[in-house]
Amino acid sequence: MANPADGDRFDLVVVGSGPAGEKAAAQAAYFGRRVAVVDRLPDPGGTMVAGAVSTKTMREAALYLTGFTRHQIYGVSMDLRPDVLIGRLRAREADVTAMMTEAVRENLRRHDIAFVHGTARLAGDGAVDVDTPAGMRTLSADALLLATGSRPFHPPGVPFDEMDVLDSDTARALDRPLHSLVVVGGGAVACEYASIFLALGAEVTLVDRGSRLLPFLDAELSGLLRDTFRSFGMRVLPETSVTGVQRTPAGVGVETSSGEAITVEKVIFAAGRTGNTEELGLKEAGVATDERGRILVDERFETSVPGIFAAGDVIGPPALASVSMEQGRVAACYAMSIPFKQTVDPLTPFGVYSIPECAMVGLTEEQAQERDIDYAVGVARFKDNSRAAIAGATDGALKIVVGREDRRLLGVHMIGEGATELIHQGQAVIHFGGTLDYFIHSTFDVPTVSDSYKYAAYDCLQRMAAG
Ligand SMILES: Cc1cc2nc3c(=O)[nH]c(=O)nc-3n(C[C@H](O)[C@H](O)[C@H](O)COP(=O)(O)OP(=O)(O)OC[C@H]3O[C@@H](n4cnc5c(N)ncnc54)[C@H](O)[C@@H]3O)c2cc1C
């Protein structure tokens, strides 16, 4: 190991500039620490910018440019030529991605954080060797934070070297208009891609080996999502596995466990991710991992080696940008002994940007049952909501789970446009220990979709009264 030059000595060195790394670095720098962030890519931002922001932009652009879900209401649509549509969508995605990359870069600059482009490897004694385009550099620090994220899991036997066999990272590099597509998986990323491509006019088959989409979602709403997808024309095949994929003269042949052979233009595998740990030299450094290669950490996000911390996708689920950011901030506080943020809030809201959106926070009905909680539910359907009707976004519902005895709000589950924003009202009420009565007594602006909370609460009261 080379001796680090003076300029390469820091309080904290963060490996990875995704949401965990960026926010950890900013947290430490905000409290006056000298911080460096290393990334093997020339642009900072990680999968947050390249994955989350980019797919959400594709979704927004697809909805706007095709008028999907709205054009029946007004009887008009833009009817762009498919190649023009794809060109506009890609241009918009490039603009927003560039804007968000610059926002991360500016955040690092504002906090006086050194950004080092290169691949990092642990070098012992609080140092990392960085293979930069200009040669090797050694950075050392009082503490290191590993935030190297994840990449798509590639099931064995699938020919990912074929240009039309894609994963959750390559799927967004849409090179031409698509007529037909298989999406493999039933999680958030699979549902998002399936919806986006459906909106863009492709025939989409969603093949999911699970029995229901988004297994973490309330079962009733998961069923509603499947029905909504089907009403939009998507084929949803639950409890079905892909048994073979090969190039055929007509396209890509996908064989399923039910014996069906589906020929499509492209197939996207969006089923699982795996941690980016191989290049870090974890074994040599003594950093323990689990059987899936995820870095093991304690409640302070410290690894088995004192002074080396880890956060984000590289430590495993839930693998969300939102949670990764919080983990990074808490890890930085422990690493730098900053008494500011000691825990990650366990009340995580989950948002899925399918069409329509889904969101949840707190307990599902099944979890309430499993925990032997005496509970009641209330449901408000968006078809009865004036704002949803005005917007032509009546697909969806809001469901609340409430404790019968103390009327406390335990969970909120939602499908429909704006769900990923609206969920935070429920989150706040649960967080502060609020009850059903908050929704009954509050005046909600109308017309808003938010006032569905009130009608879900009334529905819940009625069900409780009925016994
Ligand atoms: C298509 C898609 C859509 C998504 N949508 C959402 C969403 O809507 N909401 C949400 O909350 N989450 C979403 N996610 C998940 C979210 O993007 C990740 O959970 C999050 O980015 C993880 O953050 P991270 O900082 O742990 O890692 P990453 O964002 O993966 O960043 C890790 C960084 O480390 C760098 N790196 C790796 N190894 C090294 C090394 N040895 N040396 C130097 N640098 C290295 C990588 O280049 C990368 O920049 C989505 C993911 C995908 C794929």
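Computed from a predicted model, the values in this text were never measured in an experiment.

Q: Talk me through the overall build of the chain; I want residue IDs and the actual numbers.
A: On a plain count of helices and strands, the chain comes out with 13 helices and 22 strands. Whereas a compact globule of 467 residues would reach a radius of gyration of roughly 23 Å, the chain reaches 24 Å, a difference of no more than 12%. Seen through its C-alpha atoms, the chain measures out along the principal axes to roughly 70 × 65 × 40 Å. Residue burial in the chain is summarised as follows: out of 467 residues, 52% are buried. Across the chain, every contact between residues at least 6 apart in sequence was considered, and the portion connecting residues at least 24 apart equals 64%. Accessible surface for the chain amounts to roughly 21,000 Å². Of this, 52% is attributable to carbon and sulfur atoms. Each charge class in the chain can be summarised by its mean position, and for the 44 positive and 61 negative side chains these summaries are 2 Å apart.

Q: Let's hear about the nonpolar core: which residues, and what values?
A: The tendency in soluble globular proteins is for nonpolar side chains to be buried side by side. Core analysis: the biggest nonpolar cluster contains 48 residues, and Leu 12, Val 13, Val 128, Leu 139 and Leu 146 have the highest contact counts within it. Of all the secondary structure elements, the ones that give two or more residues to this core are strand E1 (9-15), helix H1 (19-30), strand E2 (35-39), strand E4 (119-124), strand E5 (127-132), strand E6 (135-146), strand E17 (308-310) and helix H8 (321-335). Those residues within four positions of Val 128 in sequence are excluded, and the remaining contacts are Val 13, Val 15, Ala 120, Arg 121, Leu 122, Ala 123, Arg 137, Thr 138, Leu 139 and Leu 144. Core analysis: the second largest hydrophobic core is formed by 45 residues, Tyr 193, Ala 202, Val 204 and Leu 224 among them.

Q: Tell me about the packing of helix H2 (residues 46-66) against helix H4 (residues 82-110), and name the residues and values.
A: The description of two packed helices rests on the angle between their axes and on the distance between the axes. At a closest axis distance of 9 Å, the pairing of H2 and H4 adopts a crossing angle of 140°. At the point where H2 passes H4, the crossing takes the right-handed sense. For the pair formed by H2 and H4, the contact residues are Val 49, Val 53, Ser 54, Thr 57, Met 58, Ala 61, Ala 62, Leu 65 and Thr 66 on the first element and Leu 85, Arg 88, Leu 89, Arg 92, Glu 93, Val 96, Thr 97, Met 100, Thr 101 and Val 104 on the second. Looking at the contact of H2 with H4, its residues break down into 11 nonpolar, five polar and three charged.

Q: Let's hear about the pairing of strand E13 (residues 251-256): which residues, and what values?
A: With five of six residues buried, E13 is to be regarded as a mostly interior element. As defined by bridge partners, strand E12 (residues 242-248) adjoins E13 across six bridges and the pair is classed as antiparallel. When the bridges of E13 are listed, Arg 247 appears paired with Val 252. Between the end of E13 and the start of strand E14 (residues 261-264), which pair antiparallel, lie four residues, with Gly 259 showing a positive phi angle near 90°.

Q: I'd like a rundown of the site of the ligand, residues and numbers included.
A: Close contacts around the ligand come from 37 residues, with Asp 39, Thr 47, Lys 56, Asp 313 and Ala 321 the closest. With respect to the ligand, the backbone of Ala 120 contributes an N or O atom lying 2.9 Å from a nitrogen atom. In this structure, an oxygen atom belonging to the ligand sits 3.3 Å away from a main-chain N or O atom of Leu 320. Against a free-state accessible area of 1,000 Å², the protein chains account for coverage of 94% of the ligand. Looking at the shell around the ligand, the elements with two or more residues in it are H1, E2, H2, E4, helix H5 (188-199) and H8. At seven residues, the largest contribution of residues to the shell around the ligand is made by H2. Of the residues contributing to the shell around the ligand, the split by class is 16 nonpolar, 16 polar and five charged.

Q: Could you give an account of the packing of H2 against H5, naming the residues involved and the relevant values?
A: It is the contact of H2 with H5, at a shortest axis distance of 9 Å, that shows an interaxial angle of 25°. The orientation of H2 relative to H5 falls into the category roughly parallel. Note on packing geometry: the crossing formed by H2 with H5 is left-handed. Each of Thr 55, Lys 56, Met 58, Arg 59, Ala 62 and Thr 66 in H2 lies in contact with H5, whose residues at this interface are Glu 192, Tyr 193, Ile 196, Phe 197 and Ala 199. Residue classes in the contact of H2 with H5 are distributed as six nonpolar, two polar and three charged.

Reading guide: rules and limits
- Residues numbered from 1 in each chain as written.
- Predicted model: local features only at pLDDT ≥ 70, side-chain atom pairs only at ≥ 80, totals over all residues.
- Heavy atoms only, no water.
- Helix = DSSP H or I, 4+ residues; strand = E, 2+ residues; numbered from the N terminus.
- Rg over C-alpha atoms; globule rule 2.2 N^0.38 Å.
- Buried < 20%, exposed > 50% of the residue type's maximum accessible area, 1.4 Å probe, protein only.
- Contact = heavy atoms within 4.5 Å.
- Areas by Shrake-Rupley, 256 points an atom, 1.4 Å probe, with all protein chains shown as cover.
- Lys, Arg positive; Asp, Glu negative; His and termini not counted.
- Charge placed at Lys NZ, Arg CZ, Asp CG, Glu CD.
- Core = buried A, V, L, I, M, F, W, Y, C linked by side-chain atoms within 4.5 Å.
- Axes fitted to C-alpha atoms, helices over the stretch in contact; angles between N-to-C directions.
- Left-handed = near helix turned anticlockwise from the far one by under 90°.
- Nonpolar A, V, L, I, M, F, W, Y, C, P; charged D, E, K, R; others polar.
- Pairing = 2+ DSSP bridges.
- Near = heavy atom within 4 Å.
- Polar contact = N/O pair within 3.5 Å; in protein donor to acceptor, adjacent residues only side chain to side chain.
- Parallel < 35°, antiparallel > 145°, perpendicular 65-115°, else oblique.

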